[in-house]
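# A closer look at the structure
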2 protein chains.
Amino acid sequence: MTTPDFPETASGAEGPGREIPPASLARLPIYLRALNAMLADSVERVSSEELAEAAGVKSAMLRKDLSYLGSFGTRGVGYDVQFVSHKISALLGLTQEWRVAIVGAGNLGRALARYSGFTTRGFEVVALFDADQGIVGTQVGWLTVSHVDDLETELKRTGTNMAVLSVPAVVAQELCDRLVAAGVTSILSFAPVVLQVPAHVQVRKVDMGTELQILAYHAQRAQEAEPGSRARSAQ
Amino acid sequence: MTTPDFPETASGAEGPGREIPPASLARLPIYLRALNAMLADSVERVSSEELAEAAGVKSAMLRKDLSYLGSFGTRGVGYDVQFVSHKISALLGLTQEWRVAIVGAGNLGRALARYSGFTTRGFEVVALFDADQGIVGTQVGWLTVSHVDDLETELKRTGTNMAVLSVPAVVAQELCDRLVAAGVTSILSFAPVVLQVPAHVQVRKVDMGTELQILAYHAQRAQEAEPGSRARSAQ
DNA sequence: TCATGTGAACGTGTTCACAGCT
DNA sequence: AGCTGTGAACACGTTCACATGA
């Protein structure tokens, strides 16, 4: 398996290549999933229309998104599934292993540690931390829970380069600071707080509370608009 | 394909509710959290500058966001914390109880069922389903896991009006269809698939795999830009 | 002929800067 | 004065429509 370097960096004399617009970037993993599902079904070619359908987007948007990584479709034919899949994987950096530490081994942290969706996509959970002595030392999947006091040591030992924060909101900023100080520059946070980090650190947030509240807004609106539902008119 | 003869201003803008732009709507829960934290600290007034800081946004954006729900700040002074908090809560429909069913009682589903972040914000988990006979009947928090065969019956009995999907990708669409058929119109999905639903059903997706892949993109980029990619972790 | 790739149009989101109110 | 609320400018994202090239 040869890892092709990027021959098409010719446009820029130096510099890290073109930036992918954030909105497009966020869709690439979805395309990748659809493509890999097709690969599993031995589909070799796909049109923008078909792939867009599978990804739940308009075909023009898909074509524009893919055009940011180069133009490797064949006019009149479509895209080579395997090639595009590989291209997206390479762009996302999935050709290397990412070593992920999970900080916080509560219900959520333990569930994440056992979540197969991580491992199967180039992410390996290599450490799991908690502050609770009743949890430290216990086994979760293949991992033994470490004490958060050993955070810095263990991160170095395991070569962690990404972290998942699944700790209570009150301690999230503090642990985030420690992760950053230890050199972690990519953090996925499940804590319902706004984390302050230096500019070079990437934080992505997953917030189930927020998502439910957004759903509640729409649900309430639908309720009010519905003719069938009686006496629900708050006011 | 679809002819864009959508009648704009279809819904008479007369009602108490204009549409909140999606981007603004997604930030309201964050403001709400910041406001509630302030309330807990007995803060009575806040300026757009301060609240924006707490929410991690620019003050002009915060003011514009709040302006969609009305204008209830005092010029020269700021906003009444309690009042704005209540206003946002009401808009999001958090003044009523939302009854949530969790479909899929694997690692993630069970963690979500025990997650206190739900209960504390107007969302009550009232049902938990799984297809695995080894899990059905077991206790998770205050709930007993029901068999997914009884989905429709239990949804009706519990008065569920929101659902969380935490099932394997392969069965997600099928269960989504059953939820929709049973009248559920708000679904939060953790399954890494694009769900097809009728237009009146709201789906929000949480995808940890996608988030990690986006992080990987940035991390790889930083790696390439940096000459010494060895994480020596110098304090 | 076909489906991609893309300039241009359109729509949405964010920021600026200041008018207007307290 | 001080801070909100908002039009206008700007930036970003999406869609259209067609030129391009297999």
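Residue numbers restart at each chain and count upward from 1, following the sequence in its written direction. All chains are assigned letters beginning with A, and all ligands numbers beginning with 1, in the order in which they are written. Selection of residues for local features in this predicted model requires a pLDDT of at least 70, selection of side-chain atom pairs for listing and counting requires 80 or more, and totals for whole chains, interfaces and linings are taken over all residues. Side-chain descriptors were evaluated using all non-hydrogen atoms of the structure, hydrogens and water having been removed beforehand.

The helix and strand labels rest on DSSP assignments: H or I over at least four residues marks a helix, E over at least two residues marks a strand, and numbering proceeds from the N terminus. Secondary structure assignment for chain A yields 9 helices and 11 strands. Only heavy atoms enter the contact rule, under which two residues are in contact if any of them lie within 4.5 Å. Taking all contacts inside chain A whose residues are at least 6 apart in sequence as the whole, residues at least 24 apart take part in 55%.

As a further point, take the relation of the copies chain B and chain A. We superpose the copies by least squares over the C-alpha atoms of residues that have a pLDDT of at least 70 in both of them. With an RMSD of 0.1 Å, the fit of chain B onto chain A corresponds to turning through 180 degrees and sliding 0.0 Å along the axis. Each copy turns onto its partner about a two-fold axis. Both copies share a contact surface, since 95% of the interface residues of chain B are interface residues in chain A too.

Residue and element names in this part refer to chain A. UniProt positions are given in the numbering used here, feature names are shortened, and annotations may be inferred rather than shown by experiment. Residues annotated in UniProt with the feature "binding site: NAD(+)" (unreviewed entry) correspond here to Gly104, Ala105, Gly106, Asn107, Leu108 and Gly109. Mapped onto the elements, Asn107 comes out in helix H5 (residues 107-114). Burial classes follow relative accessibility: with a 1.4 Å probe on protein chains only, a residue under 20% of its type's maximum area counts as buried, one over 50% as exposed, and anything between as partly exposed. Classification of Asn107 as partly exposed rests on a relative accessible area of 27%. Within the fold, Leu108 resides in helix H5.

This next bit is on unusual backbone geometry. Phi is positive for Ser42(A), close to 60 degrees, though the residue is something other than glycine. With respect to the secondary-structure elements, Ser42(A) resides in the loop between helix H1 (22-40) and strand E1 (45-46).

What follows is about the packing of aromatic side chains. Residues and elements named next belong to chain A. Here the aromatic set is Phe, Tyr and Trp, taking the six-membered ring for Trp, and pairing holds for ring centres within 6.5 Å; pairs whose planes are under 30 degrees apart are stacked, those over 60 apart are edge-to-face, and all others are tilted. Applying the stated criterion to the full structure yields 2 aromatic pairs over all chains. Taking the centre distance of 5.5 Å and the plane angle of 75 degrees together, the rings of Phe72 and Phe83 count as edge-to-face. A residue pair is termed long-range when its members are at least 10 positions apart, and Phe72 in the loop between helix H3 (59-67) and strand E2 (73-74) and Phe83 in helix H4 (residues 81-92) qualify at 11 residues.

Counting 104 residues, the largest nonpolar core has Ile88(A), Phe123(A), Met162(A), Leu28(B), Ile88(B), Phe123(B) and Met162(B) as its most contacted members. For Met162(B), the residues in contact, after removing those within four places along its chain, are Leu212(A), Leu215(A), Ala216(A), Ala219(A), Trp98(B), Arg99(B), Val100(B), Ala101(B), Phe123(B), Val184(B) and Ser186(B). Val103(A), Leu155(A), Leu165(A) and Leu175(A) belong to the second-largest nonpolar core, a separate cluster that totals 22 residues. We call a set of buried residues a nonpolar core when its members are Ala, Val, Leu, Ile, Met, Phe, Trp, Tyr or Cys and they connect through side-chain atoms within 4.5 Å of each other.

All names here are of chain A. Within the fold, Ser166 resides in the loop between strand E9 (162-165) and helix H8 (169-181). Under the relative-accessibility criterion, Ser166 is labelled buried at 11%. Non-local contacts of Ser166, meaning those with residues more than four positions away in its chain, are made with Ile102, Val103, Gly104, Leu108, Gly109, Leu112 and Phe190.

What follows covers the sheet that holds E9(A). All names here are of chain A. Two strands make a pair as long as DSSP finds a minimum of two bridges between them. If you trace the 6 strands from one edge of the open sheet to the other, you get E8-E5-E4-E9-E10-E11, paired in parallel fashion. What marks the edges here is a single partner per strand, and that holds for strand E8 (146-147) and strand E11 (202-205). Sheet analysis places strand E4 (residues 98-103) next to strand E5 (residues 123-130), joined by 6 bridges and oriented parallel. Across the sheet, Val103 pairs through a bridge with Phe129, a residue of E5.

Attention now moves to the protein's contact with DNA strand D. The rule for a residue being near a molecule or strand is that one of its heavy atoms must lie within 4 Å of it. Arg75(A), Ser48(B), Arg63(B), Gly73(B) and Tyr79(B) are the nearest of the 26 residues found near DNA strand D. Backbone atoms, meaning sugar and phosphate, form 56% of the atoms of DNA strand D found within 4 Å of the protein. Polar contact is defined as a pair of N or O atoms within 3.5 Å, subject to the rule that within protein one atom must be able to donate a hydrogen and the other to accept it, and that residues adjacent in sequence are counted only when both atoms are side-chain atoms. A distance of 3.4 Å is found between a base nitrogen of DNA strand D and a side-chain nitrogen or oxygen belonging to Arg63(A). Gly76(B) places a polar main-chain atom, nitrogen or oxygen, 2.9 Å from a sugar or linking oxygen of DNA strand D. When residues of the surface near DNA strand D are traced back to their parent elements, those giving at least two are H1 and H3 of chain A together with helix H3 (59-67), strand E2 (73-74) and strand E3 (78-80) of chain B. If you tally residues by element for the surface near DNA strand D, the top one is H3(A), at 4 residues.

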